[in-house]
Amino acid sequence: MKPFLFVTDLDHTFVGNDAALTELSQRLDQHRQEHGTKIVYATGRSPILYRELQQEKNLMQPDALVLSVGTEIYLDGNDHPDAAWSEILSAGWDRELVLKIVKFFPELALQPDSEQRTFKVSCFLHQEAAANILPQLEAELLNCKLNIKLIYSSGIDLDIVPLTSDKGQAMQFLRQKWKFAAEQTVVCGDSGNDIALFAVGNERGIIVGNARKELLQWHNEYPANYRYLAQAVCAGGILEGLKYFGFLE
Ligand code: GLC
Ligand code: MG
């Protein structure tokens, strides 16, 4: 068996079905030891919220962590975000100006302080208001010549991040660093902030059976034969997909 690069979202993808999570973790850990497979968690969570989940679910140590929707990469258990990645994100990013514009929109409520990061401004925005507010907000930000992108997930979470950053671009940074072919890379997710993982290239994709509407809509619009829609939920869906692609027996 060949090594592969395994990249997964955490909430409602890797985590959410405890029995399947235990089985999947054991199989991945064994593959890592025997074949040099690499494991990456790619989540919207900040370091604080990641650590909470890591302890609660006793998640195994990954080879790299992609936190805050791709705006921070931590290699080999390092406490500091990778400087080369931060450097790429800093061009054209001005978080004070982003915050100033956000305050013009009463529909946007800032998320807790722990989720406001160097390269990420996060708000809550209700689904009913989103279709109206998102284009207006984007136009305002672009008007100020800000190099940003909006990522909306789960009918509530809005992340404003640098244009050069999302989970997909962070994944490719690691894939190229470690020299894995796209065919030997598999990405897994359930919601809006995972679309970037599936959209950035032709890495193998696993959409778990419990995926959110926004991801399923996107998948129906842009179907691809290197993407698998699982029946089973969370880690059970990942196991199903890894077998489908032949990464696991
Ligand atoms: C996580 C983060 C939050 C973000 C969301 C979607 O829940 O804590 O800040 O908005 O993911 O990316
Ligand atoms: Mg998720």
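Keep in mind that what you see is a predicted model, and the values were worked out from it rather than measured. (Residues numbered from 1 in each chain as written. Chains lettered and ligands numbered in written order. Predicted model: local features only at pLDDT ≥ 70, side-chain atom pairs only at ≥ 80, totals over all residues. Heavy atoms only, no water.)

This paragraph deals with the overall build of the chain. For the chain, the count of helices and strands is 9 helices and 11 strands. Relative to a compact globule of 249 residues, whose C-alpha radius of gyration would be 18 Å, the chain shows 18 Å and is just as compact. Here the C-alpha coordinates of the chain stretch approximately 55 × 35 × 35 Å along the principal axes. Looking at the chain residue by residue over its 249 residues, the buried ones come to 54%. Counting contacts in the chain only where the partners sit at least 6 residues apart, residues at least 24 apart contribute 61% of the total. For the chain, the accessible surface area stands at approximately 11400 Å², while carbon and sulfur atoms represent 50% of it. Of the charged side chains in the chain, 23 are positive and 33 negative; the average position of the first set lies 3 Å away from that of the second. (Helix = DSSP H or I, 4+ residues; strand = E, 2+ residues; numbered from the N terminus. Rg over C-alpha atoms; globule rule 2.2 N^0.38 Å. Buried < 20%, exposed > 50% of the residue type's maximum accessible area, 1.4 Å probe, protein only. Contact = heavy atoms within 4.5 Å. Areas by Shrake-Rupley, 256 points an atom, 1.4 Å probe, with all protein chains shown as cover. Lys, Arg positive; Asp, Glu negative; His and termini not counted. Charge placed at Lys NZ, Arg CZ, Asp CG, Glu CD.)

Within the open sheet, the 4 strands sit side by side as β5-β6-β8-β7. Their pairing is antiparallel. Where the open sheet ends on each side, the last strands, each with one partner, are β5 (109-110) and β7 (148-153). Sheet topology places β5 next to strand β6 (residues 121-124); 2 bridges connect them, and they run antiparallel. Paired with Leu110 across the bridge in β6 is Cys123. Running over the sheet, helix α4 (residues 95-102) touches β5, β6, β7 and β8 (157-162) and is turned about 20 degrees from β6. (Pairing = 2+ DSSP bridges. Axes fitted to C-alpha atoms, helices over the stretch in contact; angles between N-to-C directions.)

Each protein donor to the magnesium ion (ligand 2) is listed here as Asp9 (OD), Asp11 (O) and Asp190 (OD); together their distances run 2.1 to 2.3 Å. Taken in chain order, the donor set of the magnesium ion (ligand 2) reads D-x1-D-x178-D. A residue pair is termed long-range when its members are at least 10 positions apart, and Asp11 in the loop between β1 (5-8) and α1 (18-35) and Asp190 in the loop between β9 (185-189) and α7 (195-199) qualify at 179 residues. Take Asp190: its relative accessible area is 3%, and that puts it in the buried class. (Donors = N, O, S within 2.8 Å, 3.2 Å for Na, K, Ca; no water.)

Attention shifts here to the nonpolar core. In this structure, Val98, Leu108 and Leu174 are the most contacted members of the largest nonpolar core, which totals 45 residues. When we break this core down by domain, the ones giving at least three residues each are domain 1 (5-87 + 165-244) and domain 2 (92-162). Setting aside chain neighbours within four positions, we find Val98 in contact with Trp93, Val121, Leu141, Leu146, Ile148 and Ile160. Core analysis: the second largest hydrophobic core is formed by 31 residues, Leu10, Val15, Tyr41 and Tyr228 among them. (Core = buried A, V, L, I, M, F, W, Y, C linked by side-chain atoms within 4.5 Å. Domains from an automatic or database assignment.)

Looking now at the sheet that holds β1. With respect to topology, 7 strands assemble into an open sheet ordered β4-β3-β2-β1-β9-β10-β11, the strand pairing being mixed. The sheet terminates laterally at β4 (72-75) and β11 (227-229), the two strands that pair on one side only. Strand-to-strand twist in this sheet, taken as the mean axis angle between neighbours without regard to direction, amounts to 15 degrees. Alignment of strand β10 (residues 204-207) against β11, held across 3 bridges, turns out to be parallel. Counted as the bridge partner of Ile207 is Leu229 from β11. In the packing of helix α8 (residues 213-221) onto the sheet, contacts are made with β9, β10 and β11, and the angle to β11 comes to roughly 130 degrees. Along the sheet, helix α9 (residues 234-244) makes contact with β1, β9, β10 and β11, crossing β10 at roughly 150 degrees.

As a packed pair, helix α3 (residues 83-90) and helix α6 (residues 167-178) sit with axes 12 Å apart at the nearest point and diverge in direction by 140 degrees. Accordingly, the angle class assigned to the pair α3 and α6 is oblique. Of the two possible hands of crossing, α3 and α6 adopt the one that is right-handed. Contacts from Ala84, Trp85 and Ile88 of α3 reach α6 at Gln169, Ala170 and Phe173. Grouping the amino acids of the contact of α3 with α6 by side-chain chemistry returns 5 nonpolar, 1 polar and no charged. (Parallel < 35°, antiparallel > 145°, perpendicular 65-115°, else oblique. Left-handed = near helix turned anticlockwise from the far one by under 90°. Nonpolar A, V, L, I, M, F, W, Y, C, P; charged D, E, K, R; others polar.)

Our focus in this paragraph is the site of ligand 1. What surrounds ligand 1 is the set Gly44, Arg45, Leu49, Val69, Gln111, Glu115, Lys120, Ser122, Asp157, Asp159 and Asn193. Note that an oxygen atom of ligand 1 is positioned 2.7 Å from one of the side-chain N or O atoms of Asn193. Relative to its free-state accessible area of 310 Å², ligand 1 is covered by the protein chains to the extent of 85%. A majority-of-atoms criterion places ligand 1 in the largest pocket. Tallied by class, residues from the shell around ligand 1 come to 2 nonpolar, 4 polar and 5 charged. Counting contributing residues per domain, the shell around ligand 1 is built from domain 1 (5-87 + 165-244) and domain 2 (92-162), each supplying no fewer than three. (Near = heavy atom within 4 Å. Polar contact = N/O pair within 3.5 Å; in protein donor to acceptor, adjacent residues only side chain to side chain. 1 Å grid on protein atoms, 1.4 Å probe; cavity = no way out; pocket = protein on both sides within 12 Å on 5 of 7 lines; lining within 4 Å. Sits in = over half its atoms within 2 Å of the grid points.)

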